[in-house]
Amino acid sequence: MNKRVLIIGPSPVKSKGGMATVTQEMLESEVLNSDFDLGVHESYRDGNLFYRILFSIYGFIKFLFIYNKYDIFHIHMAAYGSVFRKGLYVNFLKGKNKRIILHIHGAEYLVFYNKLSENKKLKVKKIWENADKIIVLSEKWKQDFFKIFKLENIVVINNGINIKKLKLAISKTEEKQNNFLLLGRLGKRKGAYDLIKAIEILKEEFLQVKLYMAGDGKIEEIKKIVKDRKLEENIEVVGWADFNKKIELLREVSTIVLPSYNEGLPMTILEGMATGKFIISTNVGGIPEVVINNENGIIIEPGDIQGLANAMKKVLTDIEFIKKCSENNIRKIKESFSMEKMHNEIKKIYV
């Protein structure tokens, strides 16, 4: 009889973001389903504050009636409230001698942790210590977390990409050279405001430069800034993009640009690479482990607006360079960041 695995995290259909995507891909995985019986438990759904709190309470109570049907618990955790919500599950399961895998996602986890009181830091450390295995998204994170928690059971598993699902987003780079895409939560952390300033610099020389900004977050505020600065011809604020809209947007651009201040290993970058896009991003989290200057993209420092504009100018003026990087990106994803590779690494932990 196959071992039963319960995946605990945000709803794969009622929540947005990377954790929901990872959960959905795991549920559909041929690699994992061949040897394990997978179930999902929704611990969180998007909504207003009252709804989120109410659903979280309901989710934990429901969990108390089903947990004993499972052998392994794969818990996806981000930062802030997610830590303490998932801490309830981890601490409860530890008391029942269950096998716990903690999968850390939140881009601002270290920022969140460093701001905690000493008492709350001890609570977070206890949550980590109660896990049998901890998955992080990059070698940089592993080093950073080891310094804090001194745990030997931290392993790196990079996010993986479902290449087949994204094939329709591949387009001819030279036909979309002027077009860029920011895909993620619109706000300061993802560098949205820096990008607006970079477009202001570029449009004086490159009238046809086009930036699509897609995601949730401060959509109306950013629309207002774009309008006030008379950038509507150059910046289209799309708002939230479901999968089909994301494919449509990826087809329309040559480049993913993500000038973030904090990250783990963003799915946006991996999806961009899988579809042959040039990558412009920052030297944070696990990004420098996958984006190498002049090999498959350009890395800048967070907040370097002129550096961002210069990187975008390189895309606008050197088509042969970005075509070469596009080919490198598709090859790199197939070799190192496929969903199958990710799920095989998870499978080793489950065994």
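Quick note: structure is the one above.
No experiment lies behind these values; they were computed from the predicted model shown.

**Some details on the overall build of the protein chain**
A tally of regular secondary structure across the protein chain gives 16 helices and 12 strands. Here the protein chain has a C-alpha radius of gyration of 21 Å; the compact-globule value for 351 residues is 20 Å, and the two agree. Expressed as lengths along the three principal axes of its C-alpha atoms, the size of the protein chain is roughly 65 × 40 × 35 Å. Looking at the protein chain as a whole, 54% of its 351 residues qualify as buried. Across the protein chain, the fraction of contacts at a sequence separation of at least 24, relative to all contacts at a separation of at least 6, is 73%. Accessible surface computed for the protein chain: about 16100 Å², of which carbon and sulfur atoms make up 50%. Distance between charge centroids for the protein chain: 6 Å, based on 57 positive and 43 negative side chains.

**Here's the deal with the environment of Ser56**
Residue position: Ser56 is located in helix 3 (residues 49-64). Given a relative accessible area of 15%, Ser56 falls into the buried group. Remark: the alpha-carbon pair of Ser56 and Thr317, spanning 261 residues in sequence, is separated by 50 Å. With residues up to four places along the chain from it excluded, the contact list for Ser56 reads Ser43, Tyr44 and Arg85.

**A word on the packing of helix 4 (residues 81-95) against helix 6 (residues 118-129)**
What describes two packed helices is the angle between their axes and the distance between those same axes. The geometry of helix 4 relative to helix 6 is characterised by a closest axis approach of 9 Å and an angle of 50 degrees between their N-to-C directions. On the basis of their axis angle, the class for helix 4 and helix 6 is oblique. Helix 6 is crossed by helix 4, and the crossing has left-handed handedness. On helix 6, the residues touching Val83, Phe84, Gly87, Val90 and Asn91 of helix 4 are Lys120, Lys123, Val124, Lys126 and Ile127.

**Points about the sheet that holds strand 1 (residues 3-10)**
Pairing is parallel in the open sheet, where six strands are placed in the order 2-1-3-4-5-6. A strand with exactly one partner marks an edge of an open sheet, and here the two such strands are strand 2 (36-44) and strand 6 (154-156). Neighbour-to-neighbour, the strand axes of the sheet open up by a mean angle of 25 degrees, direction not taken into account. Two elements, strand 4 (residues 99-104) and strand 5 (residues 133-136), share three bridges in a ladder whose sense is parallel. Its bridge partner lying in strand 5, Ile101 is registered against Lys133. Packed on one face of the sheet, helix 4 meets strand 1, strand 2, strand 3 (72-77) and strand 4 and runs near 165 degrees to strand 3.

**Side note on the pattern of salt bridges**
Counting across every chain of the model gives 19 salt bridges. As a salt-bridge pair, Lys121 and Glu118 come within 3.7 Å of each other at their nearest N and O atoms. Residue Lys121 and its partner Glu118 are located together in helix 6, separated by three residues, close to a single helical turn. We classify Glu118 as exposed; its relative accessible area is 57%. One salt bridge in this structure joins Lys314 and Asp318, with 3.0 Å as the shortest N-O distance. If you follow the salt bridges from partner to partner, you end up with Arg189, Lys190 and Glu263 in one network.

**Quick word on the layout of surface pockets**
Put simply, the second largest pocket is a space of about 190 Å³. Taken together, Glu28, Ser29, Glu30, Val31, Asn162, Lys164, Met339, Glu340 and His343 make up the full set of residues lining the second largest pocket. Every element with two or more residues in the lining of the second largest pocket is listed here: helix 2 (30-33) and helix 16 (339-350). With three residues, the single largest contributor to the lining of the second largest pocket is helix 16. Taken together, the residues that form the lining of the second largest pocket break down as two nonpolar, three polar and four charged.

**Section: the sheet that holds strand 8 (residues 210-214)**
With parallel pairing, six strands are arranged side by side in an open sheet as 9-8-7-10-11-12. Strands with a single pairing partner mark the edges of an open sheet, and in this sheet they are strand 9 (235-239) and strand 12 (297-300). Sheet twist, expressed as the mean angle between neighbouring strand axes with direction ignored, is 20 degrees. Where strand 7 (residues 179-183) lies against strand 8, five bridges are found, and the strand directions are parallel. Bridge pairing in strand 8 places Phe180 opposite Leu211. Helix-sheet contacts for helix 9 (residues 192-202) involve strand 7, strand 8, strand 9 and strand 10 (255-258), and the interaxial angle to strand 8 is about 165 degrees.

**A look at the nonpolar core**
Membership of the largest hydrophobic core comes to 95 residues, with the highest contact counts inside it found for Ile104, Tyr109 and Trp128. Ignoring sequence-local partners within four residues, the contact set of Trp128 consists of Leu102, Ile104, Tyr109, Ile134, Phe145, Phe149, Leu151 and Ile154. In this structure, Val5, Phe36, Ile101 and Met342 belong to the second largest nonpolar core, which totals 15 residues.

**Topic: unusual backbone geometry**
A positive phi angle is found at Tyr80, which is not glycine, with a value near 55 degrees. Residue placement: Tyr80 occurs in the loop between strand 3 and helix 4. Even without glycine at this site, Asn294 takes up a positive phi of about 65 degrees. The residue Asn294 is located in the loop between helix 13 (287-290) and strand 12 in this model.

Conventions adopted
Residues numbered from 1 in each chain as written. Predicted model: local features only at pLDDT ≥ 70, side-chain atom pairs only at ≥ 80, totals over all residues. Heavy atoms only, no water. Helix = DSSP H or I, 4+ residues; strand = E, 2+ residues; numbered from the N terminus. Rg over C-alpha atoms; globule rule 2.2 N^0.38 Å. Buried < 20%, exposed > 50% of the residue type's maximum accessible area, 1.4 Å probe, protein only. Contact = heavy atoms within 4.5 Å. Areas by Shrake-Rupley, 256 points an atom, 1.4 Å probe, with all protein chains shown as cover. Lys, Arg positive; Asp, Glu negative; His and termini not counted. Charge placed at Lys NZ, Arg CZ, Asp CG, Glu CD. Axes fitted to C-alpha atoms, helices over the stretch in contact; angles between N-to-C directions. Parallel < 35°, antiparallel > 145°, perpendicular 65-115°, else oblique. Left-handed = near helix turned anticlockwise from the far one by under 90°. Pairing = 2+ DSSP bridges. Salt bridge = Lys/Arg side-chain N within 4 Å of Asp/Glu carboxyl O. 1 Å grid on protein atoms, 1.4 Å probe; cavity = no way out; pocket = protein on both sides within 12 Å on 5 of 7 lines; lining within 4 Å. Points joined across faces, edges and corners; volume = space filled by probe spheres on them. Nonpolar A, V, L, I, M, F, W, Y, C, P; charged D, E, K, R; others polar. Core = buried A, V, L, I, M, F, W, Y, C linked by side-chain atoms within 4.5 Å.

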